[in-house]
Amino acid sequence: MVVFSGNKETATPNDAMSSSDSAEDDFRKPALPISNLNLGKAIHTLNALQQEFPEVIPLNVGGTFFTTRLSTLRRYEDTMLAAMFSGRHRIPCDAEGRFFIDRDGAYFGDILNFLRAGELPARERVRAVHREAQYYSIGPLLASLEEVQPLTGEKVRQAFLDLMPYYKENLERILEIAKLRAIQRKARFAKLKICVYKEEMPATPYERPLFNSLRFERSESEAKLFEHHCEVDVSFGPWEAVADVYDLLHCIVSDLATRGINADHQCIGVYDKHLINHYYCKRPIYEFKITWW
């Protein structure tokens, strides 16, 4: 078979085989190396994308000015500040050339003091600095703050409240009921009846001293006979801990106060509901007065 090529030459089967071998040889040849000039341009472009910083950094944090060393901001690698000033991110500058961070600068000085020398803030600033440390993801500062007051006390307090069923939900219910009653009555305050009890054991006065355990032991069938709900607005309890009723009352009043709610309370007696045989409910009832203004 005769094949005509572009240059009018005749190709034989041997010629076709040699062409195939030549193509395979070309395929096996190593790729040409990238030009050093082109590689240099790529590296230069990559470096140009990274922001460079001076050794001394002027900062504008929400309108408050600071000056610190670059090494201070990079003290801990896994923090937002270290990432911001790593060169991988573009940080805007204000009109004076200061690097701008859009955050309230009221406690940024405390952040810098810790990064510089490990200093912790005064007690009255601990909570606010802790929030800032969370924002900037400064793990060592968070760990240090959580070991001093008032955060240490709050951890212990929270361990107690974690034993309390529906504590947060009950707080919300107190506010909901108090608000509704105040609006309905066009009153400055509202009153609620709240049951706070630590032990789940109905008793009578002469039997109570016989109970030495925190919970009254009884069979499952007997327990169902004692199940009841006190006719109050909200109930807290029971719980198993050393902390008593007055500790829980303090938590309730304190948590309402943090939300700007003034709450007063007084014990108005026990529920004294007859349950079965000679057993009575002896849960204490407190009257809470929630003042709105």
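Up top is the structure these notes are about.
Bear in mind the structure is a predicted one, so any value in this text is a computation, not a measurement.

S.K.: Residue-level account of the overall build of the protein, with values.
M.R.: In terms of regular secondary structure, the protein is built from 11 helices and 11 strands. The buried share among the 293 residues of the protein stands at 34%. Pairs at least 24 residues apart make up 64% of the contacts formed inside the protein by residues separated by at least 6 positions. If you sum the accessible surface of the protein, you get close to 19,100 Å²; carbon and sulfur atoms cover 54% of it.

S.K.: Describe the environment of Y107, with residues and values.
M.R.: Relative to the assigned elements, Y107 resides in the loop between β5 (99–101) and α5 (108–117). Residue Y107 is classed as partly exposed on the basis of its relative accessible area, which comes to 27%. Each C-alpha atom, one on Y107 and one on R131, is 9.6 Å from the other, the two residues being 24 residues apart in sequence. Discounting residues that sit within four places of it in the chain, Y107 has contacts with R125, A128, V129 and E132.

S.K.: How would you summarise helix α6 (residues 126–136) if you had to cite specific residues and measurements?
M.R.: Among the residues of α6, those classed as buried are V126, A128, V129, H130, E132, A133 and Y136. Against β3 (56–61), α4 (80–84), β5, α5, α7 (139–145) and α8 (151–161) lie the buried residues of α6. Immediately beyond the C-terminal end of α6, within one or two residues, lies S137, with a positive phi of roughly 55°.

S.K.: Pulling in residues and values, what's your account of helix α11 (residues 245–258)?
M.R.: With 14 residues, α11 should reach 20 Å at 1.5 Å per residue; the first-to-last C-alpha distance of 20 Å fits that figure. Within the sequence span of α11, burial applies to V245, L248, L249, C251, I252, D255 and L256. On an axial view of α11, the arc spanned by its buried residues comes to 155°, and they lie on one face. Every exposed residue of α11 that faces more than 90 degrees away from the buried side is listed here: Y246, H250 and T258. Turning to α11, the residues buried within the fold contact α8, α9 (167–185), β6 (189–196), β7 (234–236), β8 (262–270) and β11 (284–291). Among the residues of α11, the N-terminal cap falls to D244, whose side-chain oxygen and the backbone nitrogen of Y246 are separated by 3.1 Å. In the segment just after α11, G260 is the residue with positive phi, at about 80°.

S.K.: Explain the pattern of salt bridges to me, and be specific about the residues and the numbers.
M.R.: Taken as a whole, this structure holds 9 salt bridges when the rule is applied. Note that R103 and E132 form a salt bridge whose closest N and O atoms lie 3.1 Å from each other. Within this pair, whereas R103 is found in the loop between β5 and α5, its partner E132 is found in helix α6, the two being separated by 29 residues in sequence. By relative accessible area, which is 25% here, R103 ends up partly exposed. Taking the shortest distance from any N to any O, the salt bridge between R157 and D255 comes out at 2.7 Å. With R157 in helix α8 and D255 in helix α11, the pair connects residues that are 98 residues apart, well separated along the chain. A relative accessible area of 25% places R157 in the partly exposed class. Judged by relative accessible area, D255 falls into the buried class, the value being 16%.

S.K.: An account of the side chain of E132 is requested, with residue identities and associated values reported.
M.R.: Assessed through its relative accessible area of 9%, E132 is described here as buried. Residues contacting E132, with those up to four places away along its chain left out, are R103, D104, Y107 and I111.

S.K.: Mind laying out the packing of α9 against α11, listing which residues take part and the relevant values?
M.R.: The contact between α9 and α11 brings their axes to 11 Å, and the two run at 60°. In terms of orientation, α9 and α11 fall into the oblique class. Helix-helix and strand crossings are classified by hand; for α9 and α11 the assignment is right-handed. Here α9 contributes Y167, L171, I174 and L175 to the contact with α11, which in turn contributes L248, C251, I252, D255 and L256. Here the contact of α9 with α11 is composed, by residue class, of 8 nonpolar, no polar and 1 charged.

S.K.: Outline the side chain of T79, supporting the account with residue identities and numerical values.
M.R.: In this fold, T79 is placed in the loop between α3 (70–73) and α4. In terms of polar contacts, T79 uses its side chain to reach the backbone carbonyl oxygen of Y76, at 2.9 Å. Setting aside its immediate chain neighbours within four residues, T79 contacts L73, Y136, S137 and I138.

S.K.: Any details on the sheet that holds β3? Residues and values, ideally.
M.R.: Strand order in the open sheet made by the 3 strands is β4-β3-β5, with mixed pairing throughout. Across the chains shown, the open sheet's two edge strands, defined by having one partner strand only, are β4 (64–69) and β5. Neighbouring strand axes in the sheet, compared pairwise and without regard to direction, differ in orientation by 30° on average. Both β3 and β5 contribute to a ladder of 3 bridges, which runs parallel.

What counts, and at which threshold
- Residues numbered from 1 in each chain as written.
- Predicted model: local features only at pLDDT ≥ 70, side-chain atom pairs only at ≥ 80, totals over all residues.
- Heavy atoms only, no water.
- Helix = DSSP H or I, 4+ residues; strand = E, 2+ residues; numbered from the N terminus.
- Buried < 20%, exposed > 50% of the residue type's maximum accessible area, 1.4 Å probe, protein only.
- Contact = heavy atoms within 4.5 Å.
- Areas by Shrake-Rupley, 256 points an atom, 1.4 Å probe, with all protein chains shown as cover.
- Expected span 1.5 Å × (residues − 1).
- Arc of directions from axis to C-beta.
- Polar contact = N/O pair within 3.5 Å; in protein donor to acceptor, adjacent residues only side chain to side chain.
- Salt bridge = Lys/Arg side-chain N within 4 Å of Asp/Glu carboxyl O.
- Axes fitted to C-alpha atoms, helices over the stretch in contact; angles between N-to-C directions.
- Parallel < 35°, antiparallel > 145°, perpendicular 65-115°, else oblique.
- Left-handed = near helix turned anticlockwise from the far one by under 90°.
- Nonpolar A, V, L, I, M, F, W, Y, C, P; charged D, E, K, R; others polar.
- Pairing = 2+ DSSP bridges.

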